[in-house]
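Chain by chain, the residues:
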Amino acid sequence: MSCGAAPRIVMKFGGTSVSNLDRIRKVAQTVKRQVEVGCEVAVVVSAMSGVTNQLVEYCQTLNPLFDSCEYDSIVATGEQVTSGLLAIALQTMGIKARSWAGWQVPILTDDAHGKARINQIDASALIRCMKEGIVPVVAGFQGVDHCNRVSTLGRGGSDTSAVALAASLKATRCDIYTDVDGIYTTDPRIVKKAKRIKAIAYEEMLELASVGAKVLQTRSVELAMKEQVRVQVLSSFEDHDSSKEECLPGSLVVSEDEIVEKEQVTGIAYSLNEAKIVVKGIPDLPGIASSIFAPLAEANINVDMIVQSSGTNQTTDMTFTVPKTDLLRAKDILEKAQNIIKFNQLITDENVVKISVVGIGMRSHTGVANIMFKTLAERSINVQVISTSEIKVSVIVAAEYVELAVRALHTAYGLDKMND
Ligand code: ASP
Ligand code: MG
C-alpha cells in the first residue's frame, strides 16, 4: 500500500519510545513498515528517557552558573547517541539508514543557547539522502548557531525539530510517537470516560497545552500552525499502520478547516499551578490598574485572569491570578507599593484550580459559558474568577473541587459519549 500522492513523512520518537535497545528495535520495525509501504521517511529522535535530565544534572553540579554554550554541547549528546543506535538497528534489519546531527543537516538556529530558535533548515542534503533510499535519522532538540556552536531548542524541543523538518521537507505529515495514544478530552487519570480526540485544531491544542496537557512542546504546535504541518500524535507502544488515516490510531492536529464536526467544547483542561490575589478597597480612580500591574510586569510576573469589582465607598477590588511559583514575589511587590496602590487588604489563595473548556465550536455556538456556570452551580461550586477568549472559557474555583468539576463538565458538554 502506498501513502498517497506525496508519500513523505517525518516520524519522531520521544524518549520513552527509545528508552532501551529493545524499544529501539521496535521503533526500527515501525520505521521499516513505513519504508516498505513506499513512503519516503525521515526520522527524528529524542534522547533515551532520563538521559537529558542526567546530563543537565552534571552541568548543574559542576557549576550552577554554567556556560550555556557548553551546556548545549553536553545535553545535545543524548540525541546523537539515539540517532546512531537507531541507524544501526535499521541497518541490522536490512534498511539503509544513517544518522544526522543538527549541524550536519544543517539546522541553523539563533544563539539563545539552551532555548534556541530555528532560523533556517537546508533540507537538500536530507532529500538527496532519501532519494538514494537511505533513511535519515536526525538527532532532535539540536542545531547549530552562526558561530558554528551546537545549540539546543529547550526541553521537549525534539517535537519542534520534527515539525520544522516536516515543514522544510514539505512532508505530508509529521507523526509524533510517544507513550500516550493521542490527545484526550481531559486528563484520563481523573475522568475515566475521557476520550481520545480524533482531530483537534492547532489553536485548540495551543489552549489545551498552555493549561496543562503536555503531549507536545507548545512551540512545535505554534510552528505547525504557522507552517500548516499536519501533526499526528500516536503511541509507539501499540502496533498500527499510521498510513491508514481512515482508521486513525492517534490524534491529528490540523487546521480548523479540516475539522468537520466542530464540537462546542473539544477538551477540558485544568491547572493547579495558579494562585489568586485579591487587592481590596482600592480608591476607584483612573490609573489604579496600572499601579498594580506595572510593577508586576516589570518583575516579569505573568498575570493571567483579571476581574475588577466595585467595593464600598467608591473603592474597588481587583482579583487576578499569577503562577504559584511567583506568588510570594508578587505579594512582596504589592506590599512595597502599598503607598501608591492604597489598598485596605491583600488576600492571597493558593488552594485554587483553573479549569478551562476549549473549543473552536464556541465561535458558532452560543451559551457555552452558561452551561459551565450552571453545571458548577448545580454542584454548589462557587466560581471565583472568570475569563473568556474566542475559543476558551476559564474559571477559578476552590482546588478541592477539581475532580468533581472536571467530571461534571465533561458530562455536561457531551464529551463522555464522544467517539462512541
Ligand atoms: N531530550 C530533550 C528533553 O528531554 C528533548 C526532547 O526529548 O524533546 O527535553
Ligand atoms: Mg516530549
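Residues numbered from 1 in each chain as written. Chains lettered and ligands numbered in written order. Predicted model: local features only at pLDDT ≥ 70, side-chain atom pairs only at ≥ 80, totals over all residues. Heavy atoms only, no water.

**Q** Explain the sheet that holds strand β19 (residues 385–389) to me, using residue names and the numbers behind them.
**A** What holds strands together in a sheet is hydrogen bonding between their backbones, with the strands either parallel or antiparallel. Spatially, four strands are ordered β13-β18-β20-β19 in an open sheet, and the strand pairing comes out antiparallel. Each edge of the open sheet carries a strand with a single partner, namely β13 (267–271) and β19. Neighbouring strand axes in the sheet, compared pairwise and without regard to direction, differ in orientation by 20° on average. Two strands pair when backbone bridges link them, and β13 and strand β18 (residues 352–358) are joined in this way by five bridges, in the antiparallel orientation. From the neighbouring strand, Ile268 faces β18, where its bridge partner is Val357. Contacts from helix α12 (residues 368–378) reach β18, β19 and β20 (392–398), with the element oriented near 15° to β20. In the packing of helix α13 (residues 402–412) onto the sheet, contacts are made with β13, β18 and β20, and the angle to β18 comes to roughly 15°. (Pairing = 2+ DSSP bridges. Helix = DSSP H or I, 4+ residues; strand = E, 2+ residues; numbered from the N terminus. Axes fitted to C-alpha atoms, helices over the stretch in contact; angles between N-to-C directions. Contact = heavy atoms within 4.5 Å.)

**Q** Explain the site of ligand 1 to me, using residue names and the numbers behind them.
**A** Close contacts around ligand 1 come from Ser46, Ala47, Thr52, Glu79, Phe141, Arg155, Gly156, Gly157 and Ser158, and that covers them all. Between an oxygen atom of ligand 1 and a side-chain N or O atom of Ser46, the distance comes to 3.0 Å. (Near = heavy atom within 4 Å. Polar contact = N/O pair within 3.5 Å; in protein donor to acceptor, adjacent residues only side chain to side chain.)

**Q** Which residues make up the packing of α12 against α13, and what values go with them?
**A** To characterise two packed helices, one gives the angle between the axes of the helices and the distance between these axes. Following both chains from N to C, one finds α12 and α13 inclined at 130°, their axes separated by 10 Å at the closest point. The angle between α12 and α13 places the two elements in the oblique class. Between α12 and α13 lies a crossing of right-handed hand. Along the contact surface, α12 presents Ile371, Met372, Thr375 and Leu376, while α13 presents Ala405, Ala408, Leu409 and Ala412. Tallied by class, the residues present in the contact of α12 with α13 amount to seven nonpolar, one polar and no charged. (Parallel < 35°, antiparallel > 145°, perpendicular 65-115°, else oblique. Left-handed = near helix turned anticlockwise from the far one by under 90°. Nonpolar A, V, L, I, M, F, W, Y, C, P; charged D, E, K, R; others polar.)

**Q** If you had to explain the pattern of salt bridges to someone new, which residues and values would you point to?
**A** Oppositely charged side chains are able to pair whenever their charged atoms sit close together. Across all of its chains, the model carries 23 salt bridges by this definition. Residue Lys374 pairs with Glu378 through a salt bridge whose shortest N-O separation is 3.4 Å. Pair noted here: Lys374 and Glu378 are both in helix α12, with a separation of four residues, about one helical turn. Like Glu378, Lys374 is exposed. Here Arg407 makes a salt bridge to Glu403, at a shortest N to O gap of 3.3 Å. Here Arg407 and its partner Glu403 are both found in helix α13, four residues apart, which amounts to about one turn of the helix. Exposure remark for Arg407: the relative accessible area of 40% places this residue in the partly exposed category. Here the salt bridges share partners, and the residues they tie into one network are Glu203, Glu256, Arg363 and Glu390. (Salt bridge = Lys/Arg side-chain N within 4 Å of Asp/Glu carboxyl O. Buried < 20%, exposed > 50% of the residue type's maximum accessible area, 1.4 Å probe, protein only.)

**Q** Could you give an account of unusual backbone geometry, with specific residues and numbers?
**A** Of the consecutive residues Val105 and Pro106, the connecting peptide bond is found in the cis state with omega at -5°. Even without being a glycine, Asn148 presents a positive backbone phi close to 70°. Mapped onto the fold, Asn148 is located in the loop between β7 (142–144) and β8 (150–152). Here Gln228, not a glycine, exhibits a phi torsion of approximately 55°, which is positive. Within the fold, Gln228 resides in the loop between α8 (218–227) and β11 (231–235).

**Q** Summarise the sheet that holds strand β1 (residues 8–13); cite the residues concerned and give the values.
**A** In space, the eight strands of this open sheet follow the order β3-β6-β2-β1-β9-β11-β12-β10, with mixed pairing throughout. The open sheet is flanked by β3 (97–100) and β10 (199–201), the only strands paired with a single partner. Along the sheet, successive strands turn relative to each other by an average axial angle of 25°, direction set aside. Pairing between β3 and strand β6 (residues 135–139): four bridges, direction parallel. Directly across from Arg98, in β6, lies its bridge partner Pro136. Packed onto the sheet, helix α1 (residues 21–36) meets β1, β2 (40–45), β6 and β9 (173–178) and runs at close to 175° relative to β1. Against the sheet, helix α6 (residues 158–168) engages β1, β2, β6, β9 and β11, with an angle of about 175° to β1.

**Q** With reference to specific residues and values, describe the packing of aromatic side chains.
**A** Under the definition given, this model contains three aromatic pairs. Here Phe13 and Tyr177 contribute two aromatic rings whose centre-to-centre distance is 4.7 Å and whose plane-to-plane angle is 20°, an arrangement assigned as stacked. Placement of Phe13 in strand β1 and of Tyr177 in strand β9 is noted, with a sequence separation of 164 residues between them. Its relative accessible area of 1% is what places Tyr177 among the buried residues. Here the basic side chain of Arg23 rests over the ring of Phe237, its NZ or CZ set 3.7 Å away from the ring centre. The ring of Trp100 has Arg98 sitting right over it, with the charged end atom 3.7 Å from the ring centre. (Phe/Tyr/Trp six-rings, centres within 6.5 Å; stacked < 30°, edge-to-face > 60°. Lys NZ or Arg CZ within 6 Å of the ring centre and 35° of its normal.)

**Q** Residues and numbers for the packing of α1 against helix α4 (residues 77–92), please.
**A** For the pair α1 and α4, the least separation of the axes is 9 Å and the interaxial angle reads 60°. Our classification of the angle between α1 and α4 gives oblique. Handedness of the crossing formed by α1 with α4: right-handed. Residues Leu21, Ile24, Val27, Ala28, Val31 and Lys32 of α1 pack against Thr82, Leu85, Leu86, Ala89 and Leu90 of α4. Classifying every residue of the contact of α1 with α4 by side-chain character gives nine nonpolar, one polar and one charged.

**Q** Lay out helix α10 (residues 327–336) with the relevant residues and their values.
**A** Those residues of α10 not exposed but buried are Leu327, Ala330, Ile333 and Leu334. In a view along the axis of α10, the buried residues occupy a sector of 130°, so they form one face of it. Of the residues in α10, the exposed ones pointing more than 90 degrees away from the buried face are Leu328 and Lys336. The secondary structure elements touched by the buried residues of α10 are β14 (274–283), α9 (288–298), β16 (315–323), α11 (338–341) and β17 (345–349). (Arc of directions from axis to C-beta.)

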